[in-house]
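Understanding the architecture of this molecule
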Amino acid sequence: MIFSIRQNSTLPVLKMKVLKDGRNDFRHFEELLENSVATFAMKDEENGVYKVANKEAKIVLEKPCEETSEKNYIVTYQFSSEDTNKPGIFLGEFKITLFDLTDPTKVYGELITPIQEQLYIHILDSFVKTDIV
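Residues numbered from 1 in each chain as written. Predicted model: local features only at pLDDT ≥ 70, side-chain atom pairs only at ≥ 80, totals over all residues. Heavy atoms only, no water.

1. Regarding unusual backbone geometry
The amide bond that connects L11 to the next residue, P12, takes the cis arrangement and shows omega of 5°. Position of P12 relative to the elements: it lies in the loop between β1 (2–6) and β2 (14–18). Going from T113 to P114, the amide bond is cis rather than trans, its omega being 5°. Within the secondary structure, P114 is located in the loop between β8 (107–113) and β9 (119–124). A positive phi is found at N8, a non-glycine position, where the angle reads about 65°. Here N8 lies in the loop between β1 and β2. By relative accessible area, which is 28% here, N8 ends up partly exposed. One non-glycine residue, N54, lies in positive phi territory at about 55°. Mapped onto the fold, N54 is located in strand β4 (residues 50–56). Among the residues examined, N54 registers a relative accessible area of 53% and is labelled exposed. (Helix = DSSP H or I, 4+ residues; strand = E, 2+ residues; numbered from the N terminus. Buried < 20%, exposed > 50% of the residue type's maximum accessible area, 1.4 Å probe, protein only.)

Structure representation (structure tokens):
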């Protein structure tokens, strides 16, 4: 997956669908997501240095107004201008830490997404200076 954003931009918001791939207990998946913490990391593809490390991400319903039996979730990250101040190609990754339903102090497991392919984030060079002094 390729996501593009301009240098020093904060929009668009990065969104990725959370897949129910059978690796976790699907019967309790929604309950586990309600008691989870999502973080985002992004590292430079060229040198492997992290530009963003374990910043807060959000898990939301894909279509919150629809009443369906199956709920789909997306994980989102809102970039800051500091995150996008250097143009280049970066690898992105979401980590969702699921906590045990019986004991919220214990970790049930972790999901790292994307699962099937790499998330490439292209920060495109911008010729417009966005700082207003």
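Now that the structure has been shown, the text picks up again.
2. Describing the sheet that holds strand β5 (residues 58–61)
With respect to topology, 3 strands assemble into an open sheet ordered β2-β6-β5, the strand pairing being antiparallel. This sheet does not close on itself; its edge strands, each paired only once, are β2 and β5. The mean angle between the axes of side-by-side strands here comes to 30°, regardless of whether they run parallel or antiparallel. Looking at chain direction, β5 and strand β6 (residues 73–77) are connected through 4 bridges and run antiparallel. Of the residues in β6, the one forming a bridge with V60 is I74. (Pairing = 2+ DSSP bridges. Axes fitted to C-alpha atoms, helices over the stretch in contact; angles between N-to-C directions.)

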